[in-house]
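A look at the structure
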Amino acid sequence: MSLPGFKKPYKGDARHWPGLFIATGCFFAYVYLPIIILIILSFNENRTVTVWTGFSLDWYAMAFENRDIIRAATNSLIIASIASISATILATLAATRMATDKFKGKTAFNAMIALPITVPEIVPAVATLMFFASLGFTLGLGTVIIGHTIFCIPFAYLPIRARLEGMDPRMAEAAADLYANPIRAFYRVTLPQILPGILSGLILAFIISLDDFVTTFFLGGAGSTTLPIYIFGLVRTGVTPEVNAICSLMLLLSLVLVSLSLFLGREQSR
Amino acid sequence: MIIGDAVADPAKSTGQPDAIAATSLIKVFGAGDSAFKALDNVSINIRQNEFFTLLGPSGCGKTTLLRLIAGFEQPTSGTILLNGENIIDLPPFKRPVNTVFQNYALFPHMTVAQNISFGLEMQNRPKAEIKTNVDEMLSLVRMESMAGRRITEISGGQQQRVALARALAPKPKLLLLDEPLSALDLQLRKDMQLELKRLQLETGITFIFVTHDQEEALTMSDRIAVMDKGQILQVGTPRDIYDRPQHRFVAGFIGEINLLQAGPSGSAGEPGDYAIDQTGPIRVQDGKVAQQGQSVTLAIRPECISLSLPAEGKLPGTISNVVYHGTDTIYHYTLPNGAAMRARCQNSTMTTLPFVAGDAIGWSVDPRSVSVLEDK
């Protein structure tokens, strides 16, 4: 069957739609071109960001020499590490329980664990700020870590839950049948099988925490400046190639972690 | 409802308790309107060293019964004794019972040998003992050369053997097998049937085998329990079950069978004399005290019927169809009252019957080959 206006026979297949190639090209350019330009400009010799005069690694060297940047990066890594690990442990406990137990309202619970992903981040950020204020907490690294742990839980939970759901429910029964008490069954049978899910949950949570601005901004205080907050401060006084260099480095770290996560995902499905 | 024979029980005479003595088991899943009674007052005794089969269609409760014995489910009410000890309150990991799962449930992150040694490790057996035991199991299931392979690297039949070895390694008092052969192709299934029987004889462990395949049940079992709708209908040896079905469902589920309505015989005959409407008298000798004057359903296997030309003392019938099957021929015929019957006759040159559709014939059956069914 062919419709007028179509050069090729119409098969209802998106590949035959006219203009597909251009639209796809535009989409990818829109998403990735700014990032590519940012990376290129981070190697620009000139102080004025938009004028290319020659290749240089000076801005990277400057970034590494700037003690404020190093301090902010250290804060970011401390917060992301503690928050992602805590969130992953909590998510693993929750997912294991949710996968094995049957109880009333289980579906509602499941939805509630994943819900924070869809809630605008500003809402829990403000709510947590008010909560901490009413308890009289001093805002700082500690409050940021708690805040990050909370919003990291659903990101860690989903891949672990998916992995558990892909596991044969008979597996736990087989372990129990072969004299493994619930704790040994978890360590010897369940954990090795969901480990790829746990690691990819951990990495996802780490990246999300590393990248966070809103929660950090609200819950942070003296001494808890993270890279995104620091960059925000820099940008207000004008974008320098130094900012481009820091952003490129963060992008590189994220790419490495995401690749690792995908690699683990591939490994588990084999 | 307790079914089983109290007479000539060798296990009882030696004073050994039954491997499994389950009493009045009820299992209800769900609650309210959606409640489903998977087991409806089931009692059963399984003897030591027996190859015992639970046979029935899917949803009959056989797997539920197995899962109650393994401890994966708790009964709503009732008790289970294992070698005389109540195991109801023991979690599965404390029951000396191992299971071969339908899909094997082998641990994919472990090798063949690691799978087999898992149960022994969990019992904290000494390392040297585990090693000897695993080697012994590998040779028992003929998988010595595969010890280091990953589970994903071996075939379905080999996985089946590993699952057996893994369950047998801790030397359980009881081995539960949940349709373990259903995933295998026909030839492999036949081989594994013999293999399972050999393993049971060599290890001396009591096997409880769940299947919906009547042929599998008849070939392998010492005794069979036929289940339907959460109840055990009949327990007996394969011969008992096949030759003496007591229940309409049992008769229909296992093999081909003719079911005939018969009323009390007109003359004051002996117990066991019945009459088929418009056809004639039939004598039954099935060991049961038949109640006089009651209408009953009789069950007759097609191979127990002998056909001949119409004659005095034979019951009448008319051939409706003749189907040739190679080793034997099935003669479909109808009785004067309209009931359809089948007779299976072996094909040997000397006895080939010359009947074609439309012929009038005479038929008879040995009174010992007729069973009176419980009409429920």
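Calculation criteria
Residues numbered from 1 in each chain as written. Chains lettered and ligands numbered in written order. Predicted model: local features only at pLDDT ≥ 70, side-chain atom pairs only at ≥ 80, totals over all residues. Heavy atoms only, no water. Helix = DSSP H or I, 4+ residues; strand = E, 2+ residues; numbered from the N terminus. Rg over C-alpha atoms; globule rule 2.2 N^0.38 Å. Buried < 20%, exposed > 50% of the residue type's maximum accessible area, 1.4 Å probe, protein only. Pairing = 2+ DSSP bridges. Axes fitted to C-alpha atoms, helices over the stretch in contact; angles between N-to-C directions. Contact = heavy atoms within 4.5 Å. pLDDT = per-residue confidence, 0-100. Parallel < 35°, antiparallel > 145°, perpendicular 65-115°, else oblique. Left-handed = near helix turned anticlockwise from the far one by under 90°. Nonpolar A, V, L, I, M, F, W, Y, C, P; charged D, E, K, R; others polar. Salt bridge = Lys/Arg side-chain N within 4 Å of Asp/Glu carboxyl O. Phe/Tyr/Trp six-rings, centres within 6.5 Å; stacked < 30°, edge-to-face > 60°. Lys NZ or Arg CZ within 6 Å of the ring centre and 35° of its normal.

Quick look at the overall build of chain A now. The helix and strand inventory of chain A stands at 11 helices and 0 strands. Its C-alpha radius of gyration of 24 Å places chain A more than 25% over the 18 Å reference for a compact globule of 270 residues. Principal-axis analysis of the C-alpha atoms gives chain A an extent of 70 × 70 × 35 Å. Looking at chain A as a whole, 36% of its 270 residues qualify as buried.

Our next topic: the sheet that holds strand 10 (residues 231–236) of chain B. All names here are of chain B. Read from one edge to the other, the open sheet built from 6 strands follows the order 6-7-8-3-9-10, with strand pairing classed as mixed. Only two strands of the sheet have a single neighbouring strand rather than two, namely strand 6 (97–100) and strand 10. In this sheet, adjacent strand axes meet at a mean angle of 20° when their direction is disregarded. Sheet topology note: the strand 6/strand 7 (residues 174–178) ladder contains 4 bridges and is parallel. When the bridges of strand 7 are listed, T99 appears paired with L176. Sitting on the sheet, helix 2 (residues 62–70) is in contact with strand 3 (51–55), strand 6, strand 7, strand 8 (206–211) and strand 9 (223–228), with an inclination near 145° to strand 7. Across the sheet, helix 5 (residues 156–168) touches strand 6, strand 7 and strand 8, and the angle it forms with strand 6 is around 175°.

What follows covers the confidence of the model for chain B. Interpretation of the predicted coordinates at a detailed level should be avoided for regions scoring low in pLDDT. Residue and element names in this part refer to chain B. Summary statistics for chain B give a mean pLDDT of 86 and a share of 91% for residues scoring 70 or more. For the stretch residues 1–13, pLDDT sits under 50, and the model shows 15 contacts to residues farther than four places along the chain or on other chains. As a predicted assembly, this complex carries a pTM of 0.78 together with an ipTM value of 0.79.

This next bit is on the packing of helix 3 (residues 67–100) of chain A against helix 6 (residues 141–165) of chain A. Residues and elements named next belong to chain A. Their axes nearest at 6 Å, the elements helix 3 and helix 6 cross at an angle of 40°. As summarised for this structure, helix 3 and helix 6 are arranged oblique, according to the angle between their axes. Pair helix 3 / helix 6 crosses with right-handed handedness. Looking at the contact of helix 3 with helix 6 residue by residue, the class counts come to 19 nonpolar, 7 polar and 1 charged.

A few words on the packing of helix 5 of chain B against helix 6 (residues 186–203) of chain B. The geometry of a pair of packed helices is captured by two quantities: the angle between their axes and the separation between those axes. All names here are of chain B. Where helix 5 meets helix 6, the closest approach of the two axes is 12 Å, and the angle between their N-to-C directions is 15°. Here helix 5 is positioned roughly parallel relative to helix 6, judged by the angle of their axes. Two packed elements cross with a definite hand, and for helix 5 against helix 6 that hand is right-handed. Residue-level contacts link G157, Q160, R161, L164 and L168 of helix 5 to L188, M192, E195, L196, L199 and T203 of helix 6. Grouping the constituent residues of the contact of helix 5 with helix 6 by class yields 6 nonpolar, 3 polar and 2 charged.

Our next topic: the pattern of salt bridges. Oppositely charged side chains can form a pair if their charged atoms are brought close together. In total, this model carries 27 salt bridges over all chains according to the counting rule given. Between B:E121 and A:R188 there is a salt bridge, with its nearest N and O atoms 3.0 Å apart. Remark: A:R188 occurs in helix 8 (residues 182–211) and B:E121 occurs in helix 3 (residues 112–122); the pair is interchain, linking two chains. Ionic pairing is found between B:R342 and B:E256, a salt bridge with its closest N-O pair at 2.6 Å. One end of the pair, B:R342, is in strand 18 (residues 340–346); the other, B:E256, is in the loop between helix 9 (248–253) and strand 11 (258–264), with 86 residues separating them in the sequence. Note on B:R342: relative accessible area 25%, which makes it partly exposed. One network of salt bridges, with partners in common, ties together A:R170, A:E173, B:K27, B:R67 and B:E73.

The subject of this paragraph is the packing of aromatic side chains. Tallying each qualifying case throughout the model produces 19 aromatic pairs over all chains. Note on A:F186 and A:Y187: the rings are 5.5 Å apart at their centroids and 80° apart in plane angle, and the pair reads as edge-to-face. Note on A:Y187: relative accessible area 54%, which makes it exposed. Grouped by ring-pair contacts, the aromatic residues A:F213, A:F217, A:F218 and A:F232 constitute a single cluster. Across from the ring centre of B:F107, 4.7 Å away, lies the NZ or CZ of B:R166, which sits over that ring. A cation over an aromatic ring shows up here: B:R301 above the ring of B:Y242, its NZ or CZ 3.8 Å from the ring centre.

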